[in-house]
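# Survey of secondary and tertiary structure
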Amino acid sequence: MHHPPRFLLRFFRWYCHPKLKKYIEGDLMELYGERFERSGKRKADLGFAVDVLLLFRPGIIRPAEENYQLNQYSMFKNYFKVGIRNILKYKVFSFINVFGLAVAMSVCMLIILMLADQHRYDQFNQKKDRIYRILSSAEGSRQAYATTPFPLANALKSDYPIIEQSTTLMPEVGGDATYGQRTVVMRGYFASPSFFNIFDFETELGDKNTALTAPNSMIISSTLSKRLFGDENPLGKVVEFSDRQLPFPIDHDGVGGTTVPWGSFTVTGVIDESKYKSHLHFDVLVSASSREALYATGKMKDPANDWEWYFRHYTYVLLAPGRHEEDLSAALNDLVTHRYANSTAEHTKGFKLEAQELTAVQLDLMGNDTDNRFPRIGYYFLTFLAGIIMILACLNYTNLSVARALTRAREIGVRKVTGANKSALIFQFLTESVLTAMAALAMATAMLFLLKPAFKNLWINQYLNFELPAMPSVYLVFFGFALLIGVIAGLYPAFHLSTYQPIKALKDLNGMKPGKLGLRKVLSVVQFVVSLFFIVTSTLIYNQFEYFLKFDYGFTSANIVNVELQGVDYRKLKNEFSSVPGVTTISAADIIPATGRSNGVQLKKVNSSDEFVDGHILNVDENFLDNLDLKLIAGKNLPPPVDSAGVSVIVNETALKKLGYTNPHEIVGQVLETKWSTSMKVAGVVSDFQYNALINTHAVGPLVLANNADQYMYLNIKVNSPDVMATVSRLEEKWKQIDPVHPFKYGFFDEQLQSTQRGIFDLVAILGFIAFLAITIACLGLLGMATYAAERKTKEVGIRKVLGAPEWSIALLLSKEFLKILGIAIAVGAPLSYFVNNLWLQTLPNRVEFGWATVLSGTLVLLVLGSITIVSQTLAASKRNPVEALKTE
C-alpha cells in the first residue's frame, strides 16, 4: 500500500462528514495508488492535496450540530441561483447598480493602492518596531520638523540606557563627482558606521561594518556606480568631489551655489537601492569622519556643540529590547529640560522633541523632511471624496431596490406563505447585493487599469512618485472591500423588504406603492445636491486656475529663457550668449521671481531707533529692470556689482512706504541697514511687482534689489526670433563649449510661472473627475427610477392614450415627480454650494470673483443632464402603442 501525506489525510478525516467519509476516503486512496504507480510519489502527493482541498466544501464538511441536514447546501445554492436569476431578469436595473458601484469602487481601489504603496516603505528593517525618528518643534511652529540639533544622537546614546543605538544623517553632500573623464552629480548624507546598526541596508560590494570607518570613504548606490564607473568594479576607486551646495534631500528646492573642491574620496561599498523601499533616498553615504578635514579648512562649520540650530540634521534611534515609545518620550522631555533651560534664542522658545515611529514616517510629512510625500491630510481628503462617491453608489442601489419593492412584493409573499422566515429573506436579498458587488468588482478592476496611468501622469506625481503596484494581498483587500460594500448596500433593502406582511403583499399591492415612500425621494435629492456641489466647486477651481494664468505680475515674462548657471561664471557665459543671433538682452538674478522662492531681509534707516521692516531681497544685475520691463520711478538704475563703499540697492514702492517715506525722491541717496549690519545705499525706486508666488500672498511686500554678483544663479535671456527653439539650440551649443560636463538647464519664464499653478490644475482634474462620477451615478439612478416608473404605469399610459391624452401630457405626468426631485435638489444645493465654496475661497490671497453666475452655470448643467435622463424615458413611454400597453399583465 502506498500512503499519502499523513497531515493531509488527518485534515480530510477531521472535516469530512462521518456518513460520507468511508466512501470518499476509499476513492481517494484508490486514486492516489493509481497516480503513484503512473507518475511517482511527488505528483501523487500533489494530486492528493488538490483533491482534499477541492472536497472542502458545503455538503461534505462535518456538521456543527448533530441534527445537521445535508440538504442545507441546497438551500444556500438556491439563494445564489435566485440571486443570479433576479440580476439577469432586470437587466437595466442590474447594469445601473453594477456600473454605479464599479465606478465608485474603482476610485476607492485606487486609494487603497496608494495606501498599500506607502505602507511598503521601510518594511525591510527587521527592527522597525524599535526604530524611531526624532522630531523637533518650537512655540509657533505650524508643524514639527523632521530635523534636530546635531549633538542630539550622541547625547541620547551616552546619557540614556534605553537607547541601544543612535545615528545622525547630515544631508550636506551635493555636487560633482569626477572619475577619469566622467563627471556626474552626486547627492547624499554624511553617515557614521552606526547607520547600519539601525537600518538593514546591505552592501552588494564591500563590508558595510567597516565601509564608513575611515575618513574620505564612501558607499555609493548601484545607479551612481553604473553612471560613474560603467562596468568596472568600483571598490577602491578614487573619486574627486566638488561641492556645489546642491539642494538635498529635496532635489527641487534651489539650484546650488559656488563650487568648492572637497578632495579625493575612496569607494568602499555599493548598495543596490532598487531592493529597498525606504523614505531615505541617496546616491552616496560619506563617512562622518570626513567632516573633520572640512572643518579644519573652513569649508564647513562644526556643529558638534550647537544645540540651538535644529533645521538640518536627522536623528534616528534604536530602542533597547523591552523599551517603548513612552520611555523614549520621557527621555526626550528630560533632555529638553536640562539642555534648553537657559536658552535665549528666539527660535528655541517652547522647544520640544518628539518620537516618530519609523513605519509612520512615510505617511506623516514633516517640515524639512527627507522628500516630498503625500501628507496624511491628503489621504483624508481623497478618502473623503471617494467615500462620498461610494455612498452615492450605495444610495443608488438602495433607492432602486426600494423602488422595485412593488415588483418583489408577490415574491416575498409567496416565500413567507411557504414557510420562509425573515432571516432567510434577509440572506436572500443580501446574497443578491453581494453578487452585484462582485460583478461590480470585476468591472471596477478593469476600470482601475485605466485610472492608474491617468493618476500617475498627474504633474504632481513627479514629486510623489507613486508606483501603485498590484500585489496579491491588495486584491484580497479589494475582495473584502467589495464584500463589505455588498453587505452595506443591501442592508437596508434586505431588512425593509423582508418586513412585508404576506397577506398584504399578495392582496393589497396598491397600498404598497413606492411613490408613497419618502426615502427614495430623499436619497435622490441628496445625490443631486452632492453632484451640484462638486460641479460648482470644480468650475470655481478651474476659474481660479485661469485667473492665475492670466494674472498681471507687473513685469514681462514672454520670450525670456532662464538658464541655470550651475557654478559657471556668469560674465563669461553672458559674453558667449550675447553673440547668438536672436538674443537681445541678458540679465542675471539669484531667484526667478514669483516661482515660490524668496530670501528674507530686515532693514531700517541707518542709526534709526525704528523697528526693522521685514522684506525680501532679490540679487540682480544692472540689466534686470530693462529685461523684465520694470518701471524705475525715481533715482537711477543699479550700478555695477558691489563696491567698497557698500551695496547700492533699488527699493520698491511698498518698501518706500514701510520705511516712512512718501515721496520716492526722498529715499534716493539714503542709507539703510540690516540686522547683519550691512549698509545699503538707495540708488532708486522701482514700481511694485509681484515677486512672491500667487498662492502665498496677495499683497506686495517690501523688496530690495541688490547687485551681488556672487549670488547669481540664473541668466535671464530675452529672445526675439521667429524660431525660438533654434535660438535655444544655439545657446546650448555655446553652453557645451564652456561647460561640457553639466547639462544645459533652461526654462521659459512664462512656462515656469504657469508650472507653479500645475498643482491647482491637478486638483481641478481630480474634483472634475469626482463631479463627473457623482453626476453620472445620480443620473443613472434617475434613469433607473424613470424606467421603472414608465414600466409600472404602462397600462395607465395606454388607457390615457386611448382616451385621447396627448403625448406631451403623458410625458409630463411621468416626469413630474422627478422634476420635483431636481427642483428640490437645486433649491438646497445651489445656496449650499455658494456659501461653502465662498468660505474656502476667502482663504486664498489672490482669488477670482465668485458670484451666483458660477452657481447658475452648474445648476444649468445639472438641470440639462437630469432633464435629458428623465425625458429620454418618459417620451419613449408616451410614444408606445396603446394596444400593446393594454395587453400587459
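Residues numbered from 1 in each chain as written. Predicted model: local features only at pLDDT ≥ 70, side-chain atom pairs only at ≥ 80, totals over all residues. Heavy atoms only, no water.

Here Phe248 and Pro249 are connected by a cis peptide whose omega angle stands at 10 degrees. Here the phi dihedral of Asn216 falls at roughly 55 degrees; this positive angle occurs in a residue that is not glycine. Along the chain, Asn216 falls in the loop between strand 4 (203-205) and strand 5 (217-221). Under the relative-accessibility criterion, Asn216 is labelled partly exposed at 23%. Not every positive phi belongs to a glycine, and Gln566 is a case in point at roughly 55 degrees. When you line up the elements, Gln566 lands in the loop between strand 11 (560-564) and helix 18 (570-578). (Helix = DSSP H or I, 4+ residues; strand = E, 2+ residues; numbered from the N terminus. Buried < 20%, exposed > 50% of the residue type's maximum accessible area, 1.4 Å probe, protein only.)

In this section: the pattern of salt bridges. According to the stated counting rule, one finds 20 salt bridges in the structure shown. Among the salt bridges present, the one from Arg133 reaches Asp369, with a minimum N-O distance of 2.9 Å. Taken together, the residues Arg133 in strand 1 (residues 131-137) and Asp369 in the loop between strand 10 (352-357) and helix 11 (376-403) connect sequence positions 236 residues apart. Since its relative accessible area comes to 3%, Asp369 is described here as buried. Residue Asp629 is joined to Lys718 by a salt bridge in which the shortest nitrogen-to-oxygen separation is 3.8 Å. Pair noted here: Asp629 is in the loop between helix 19 (624-627) and strand 15 (632-635) and Lys718 is in strand 20 (residues 714-719), with a separation of 89 residues, a long-range link. A network of salt bridges, in which partner residues are shared, links Asp117, Arg120 and Lys277. (Salt bridge = Lys/Arg side-chain N within 4 Å of Asp/Glu carboxyl O.)

Before going further, it helps to examine empty space enclosed by the protein. Considering all chains together, one arrives at six cavities of 30 Å³ or more under this definition. A volume near 60 Å³ is recorded for the second largest cavity. Taken together, Ile591, Pro593, Arg597, Ser598, Asn599, His616, Ile617, Leu618, Tyr691 and Leu703 form the lining of the second largest cavity. No other element matches the three residues that strand 14 (residues 613-619) contributes to the lining of the second largest cavity. (1 Å grid on protein atoms, 1.4 Å probe; cavity = no way out; pocket = protein on both sides within 12 Å on 5 of 7 lines; lining within 4 Å. Points joined across faces, edges and corners; volume = space filled by probe spheres on them.)

The next point concerns the environment of Val474. Its place among the elements puts Val474 in helix 15 (residues 472-497). Residue class for Val474 comes out buried when judged on its relative accessible area of 3%. Once the C-alpha coordinates of Val474 and Asp117 are considered, the two residues, 357 residues apart in sequence, prove to be 9.8 Å apart. Those residues in contact with Val474, other than ones at most four positions away along the chain, are Ile112, Leu113 and Ala116. (Contact = heavy atoms within 4.5 Å.)

Let's shift gears to helix 18. The complete set of buried residues in helix 18 reads Tyr570, Leu573, Lys574 and Phe577. One side of helix 18 holds all its buried residues, which, seen down the axis, span an arc of 100 degrees. On its buried side, helix 18 packs onto strand 11, strand 12 (583-589), strand 20 and helix 22 (724-738). Residue Asp569 occupies the N-cap position of helix 18, its side-chain oxygen lying 2.8 Å from the main-chain nitrogen of Arg571. (Arc of directions from axis to C-beta. Polar contact = N/O pair within 3.5 Å; in protein donor to acceptor, adjacent residues only side chain to side chain.)

Moving on: the confidence of the model for the protein chain. On average, the protein chain scores 82 in pLDDT, and the residues at 70 or more come to 87%. Helix 16 (residues 502-507) is the least confidently modelled element of the protein chain, averaging 55 in pLDDT, while strand 8 (residues 284-287) averages 96, the highest of any element. pLDDT under 50 marks residues 66-70. Its contacts with residues more than four places away, or in other chains, come to three contacts. Below pLDDT 50 for its whole length, residues 508-517 participates in 20 contacts with residues either more than four positions away or in separate chains. (pLDDT = per-residue confidence, 0-100.)

So, about the pairing of strand 9 (residues 314-319). If a strand is regular, its side chains alternate between the two faces of the sheet. Most of strand 9 is tucked away: six of the six residues are buried. In terms of strand pairing, strand 1 meets strand 9 through three bridges, oriented antiparallel. When the sheet's bridge partners are listed, Ile131 is paired in strand 9 with Leu318. Pairing of strand 2 (residues 163-179) with strand 9 involves six bridges; the strand directions are antiparallel. Bridging across to strand 9, Gln165 finds its partner in Leu318. (Pairing = 2+ DSSP bridges.)

Another point: the state of the cysteines. Simply put, disulfide is the name for a covalent bond between the sulfur atoms of two cysteines. Within the structure shown, the criterion is met by zero disulfides. Free cysteine Cys394: the closest other cysteine sulfur is in Cys108, separated by 8.8 Å. Of the residues examined, Cys394 reaches a relative accessible area of 10% and is grouped as buried. (Disulfide = S-S within 2.5 Å.)

This paragraph deals with the packing of helix 6 (residues 152-159) against helix 10 (residues 325-339). Direction vectors running N to C along helix 6 and helix 10 enclose 110 degrees, while the axes themselves pass 12 Å from each other. By the angle between their directions, the pair helix 6 and helix 10 is classed as roughly perpendicular. The crossing of helix 6 and helix 10 is right-handed. Residues Leu152, Ala155, Leu156 and Asp159 of helix 6 pack against Leu332, Leu335 and Arg339 of helix 10. Taken together, the residues of the contact of helix 6 with helix 10 break down into five nonpolar, no polar and two charged. (Axes fitted to C-alpha atoms, helices over the stretch in contact; angles between N-to-C directions. Parallel < 35°, antiparallel > 145°, perpendicular 65-115°, else oblique. Left-handed = near helix turned anticlockwise from the far one by under 90°. Nonpolar A, V, L, I, M, F, W, Y, C, P; charged D, E, K, R; others polar.)

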